[in-house]
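Summary of the model geometry
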Amino acid sequence: GNMVEWCLPQDIDLEGVEFKSMASGSHKIQSDFIYFRKGLCFGLACFANMPVESELERGARMKSVGILSPSYTLLYRYMHFLENQVRHQLEMPGHYSHLEAFYDDKKGVLPDSKGTPSSQQPVHWLPSIHRYMYPEMKITHPAGCMSQFIKFFGEQILVLWKFALLRKRILIFSPPPVGVVCYRVYCCCCLANVSLPGLGGAVPESKPFFYVNVADIEMLETEVSYVACTTEKIFEQKRDLYDVYVDNQNVKTHHEHLQPLLKINNADKEKYRRLNDQRQMLMYSQEVGEDCSSCEEDLFILFFMEQNNRIFQTLMEVSASQDKTLTADHARGMGLDPQGDRSFLMDLLEVYGIDVMLVIDNPCCT
């Protein structure tokens, strides 16, 4: 099995990290990177696989070099260093001087097991997001991560958006390589950004767990909300661990009351059309040189944040009114389909504890 060969500091608890930093099935690929969560910290590891003429190593030498940090937002900065180091470790095993120097240069005070200081809280759900504040909040990643996410899922991102906003347990399956799938976990969390003050108190935090494996089953059993990815097909059978299972572009749920949310309705199609129109306009303005400051990342995050803010602003206004009645016109005003999004709205009111009466009748059957 996997083993931790070397680490600094030497007294840190790394139980299980040898399986988190090397995805199950990685022996079939040459290289990969992987985000994961270990206790209150986040990790990034780079993996590489090199053929060797050694019976002891069964013809292949595989290693991962990784780092742990209280936040995942800056980890990508060290991707290049980790890629170089894993190659170095394959070719010259046991030479750790570069890693020691890196640790001495970057080491900080890790949070204790009782909790994280407020400045190190996970990022995407912070209550007051201002447009110019969130560059330091987001994961740093290659350009095109959001673009690939939209192209990969198409209209299905509206289905994922609803599940993310409802704080469901979302598990994404994919065979290795898993690096790009870790980015899908991040993008999925970005769908649920809300910046209205006073909303999130009673709402479960949506946690990006990134890569998980069978060693994480016990931990996942206690979570009420998360987004994670795995390369292990066995998870599909463990239905008590997730609400939503994503296999390639196929989004599914075994909960009967969530089934209606899988259907793309007219309001979803309209939102997807608007998102693509805005992307086209952004690309055009970049081509003609008018606007180089905006990027697709900002557009994507703001599109869903504004959509979410509009929904919650309306719901809070209705709940503060005298009759507390939410009508079909309200639903349309929020960009939702009064009929197609009825069960989504009902779930939303329940999850966020908003006191509103829904008077959108189901259409009569003839």
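Conventions we followed
Residues numbered from 1 in each chain as written. Predicted model: local features only at pLDDT ≥ 70, side-chain atom pairs only at ≥ 80, totals over all residues. Heavy atoms only, no water. UniProt positions renumbered as here; feature names shortened; annotations may be inferred. Helix = DSSP H or I, 4+ residues; strand = E, 2+ residues; numbered from the N terminus. Buried < 20%, exposed > 50% of the residue type's maximum accessible area, 1.4 Å probe, protein only. Contact = heavy atoms within 4.5 Å. Areas by Shrake-Rupley, 256 points an atom, 1.4 Å probe, with all protein chains shown as cover. Pairing = 2+ DSSP bridges. Salt bridge = Lys/Arg side-chain N within 4 Å of Asp/Glu carboxyl O. Phe/Tyr/Trp six-rings, centres within 6.5 Å; stacked < 30°, edge-to-face > 60°. Lys NZ or Arg CZ within 6 Å of the ring centre and 35° of its normal. Axes fitted to C-alpha atoms, helices over the stretch in contact; angles between N-to-C directions. Parallel < 35°, antiparallel > 145°, perpendicular 65-115°, else oblique. Nonpolar A, V, L, I, M, F, W, Y, C, P; charged D, E, K, R; others polar. Polar contact = N/O pair within 3.5 Å; in protein donor to acceptor, adjacent residues only side chain to side chain.

In the nomenclature of an unreviewed UniProt entry, the protein chain corresponds to DENN domain-containing protein 11 from the organism Platysteira castanea. The record held by UniProt for the protein chain lists under Sequence similarities (unreviewed entry) the comment "Belongs to the DENND11 family."

The number of helices and strands found in the protein chain is 11 helices and 10 strands. Buried residues in the protein chain amount to 51% of all 366 residues. When contacts within the protein chain are restricted to residue pairs at least 6 apart in sequence, those whose partners lie at least 24 apart make up 65%. Working note: accessible area of the protein chain is about 18400 Å², and carbon and sulfur atoms make up 52% of it.

Moving on, we get to the pairing of strand β4 (residues 169–173). Burial runs high along β4: five of the five residues are buried. Of the two faces of β4, the one carrying Arg-169, Leu-171 and Phe-173 and the one carrying Ile-170 and Ile-172 are both buried. Bridge analysis of β4 against strand β6 (residues 226–230) gives five bridges, and the strand direction is parallel. Paired with Leu-171 across the two strands is Ala-228, which belongs to β6. Pairing geometry for β4 and strand β7 (residues 244–247), over four bridges, is parallel. Each residue of the ladder has a partner; that of Phe-173, found in β7, is Asp-247.

Let us now look at the pattern of salt bridges. With the rule as written, the count across this model stands at 16 salt bridges. For the salt bridge of Asp-341 with Lys-162, the shortest nitrogen-to-oxygen distance reads 2.6 Å. Residue Asp-341 is found in the loop between α10 (328–333) and α11 (342–352), and its partner Lys-162 is found in helix α5 (residues 156–165); the two are separated by 179 residues along the sequence. Looking at Lys-162, the relative accessible area reads 1%, which means it is buried.

As a further point, take the packing of aromatic side chains. Summed over all chains, the structure comprises 21 aromatic pairs. Here the aromatic rings of Phe-33 and Tyr-35 are separated by 6.4 Å at their centres, their planes lie at 85 degrees, and the arrangement is edge-to-face. Look at Phe-33 and you get buried, because its relative accessible area is 17%. Ring geometry for Phe-312 against Tyr-352: centres 4.6 Å apart, planes inclined by 55 degrees, an arrangement best described as tilted. Of this pair, Phe-312 sits in helix α9 (residues 296–320) while Tyr-352 sits in helix α11, placing them 40 residues apart in sequence. Three or more aromatic residues link up through ring pairs in this structure, and these residues are Phe-149, Phe-152, Phe-153, Trp-161, Phe-300, Phe-303, Phe-304 and Phe-344. In this structure, Arg-37 is placed above the aromatic ring of Phe-209, and the distance from its NZ or CZ to the ring centre is 4.9 Å. The ring of Phe-173 carries Lys-233 above its face, with NZ or CZ at 4.5 Å from the centroid.

Before going further, it helps to examine the packing of helix α6 (residues 179–190) against α9. α9 packs onto α6 with a crossing angle of 45 degrees between their chain directions and a minimal axis gap of 9 Å. Looking at the two axes, α6 sits oblique to α9. Packed against α6, whose contacting residues are Tyr-186, Cys-187 and Cys-190, the element α9 presents Glu-297, Phe-300, Ile-301 and Phe-304 at the interface. Across the contact of α6 with α9, the residue classes tally to six nonpolar, no polar and one charged.

Moving on, we get to the side chain of Asp-243. Structurally, Asp-243 is set in the loop between β6 and β7. Judged by its relative accessible area of 10%, Asp-243 falls in the buried class. At 3.0 Å, the side chain of Asp-243 forms a polar contact with the side chain of His-255. In this view, Asp-243 contacts Lys-168, Arg-169, Lys-252, Thr-253, His-254, His-255 and Leu-258; residues no more than four positions away in its chain are not counted.

A word on the environment of Cys-41. With respect to the helices and strands, the residue Cys-41 is situated in strand β2 (residues 41–51). Of the residues examined, Cys-41 reaches a relative accessible area of 10% and is grouped as buried. As a C-alpha pair, Cys-41 and Ser-71 span 30 residues in sequence and 6.6 Å in three-dimensional space.

Here we come to the side chain of Gln-89. Take Gln-89: it is sitting in helix α2 (residues 79–91). Of note is the side chain of Gln-89, whose polar atom sits 2.7 Å from the backbone oxygen of His-95.

Looking at chain direction, β7 and strand β8 (residues 250–253) are connected through four bridges and run antiparallel. If you follow Tyr-245 over to β8, its bridge partner there is Lys-252.

Turning our eyes to something else, we now look at unusual backbone geometry. For the peptide bond that leads from Leu-8 to Pro-9, omega is -10 degrees, which places it in the cis range. Here Pro-176 and Pro-177 are connected by a cis peptide whose omega angle stands at 5 degrees. Phi at Asn-248 takes a positive value of approximately 60 degrees, unusual for a residue other than glycine. Within the element layout of this structure, Asn-248 appears in the loop between β7 and β8. Its relative accessible area of 46% is what places Asn-248 among the partly exposed residues. Phi is positive for Lys-324, close to 50 degrees, though the residue is something other than glycine. Here Lys-324 lies in the loop between α9 and β9 (325–326). What makes Lys-324 partly exposed here is its relative accessible area of 27%.

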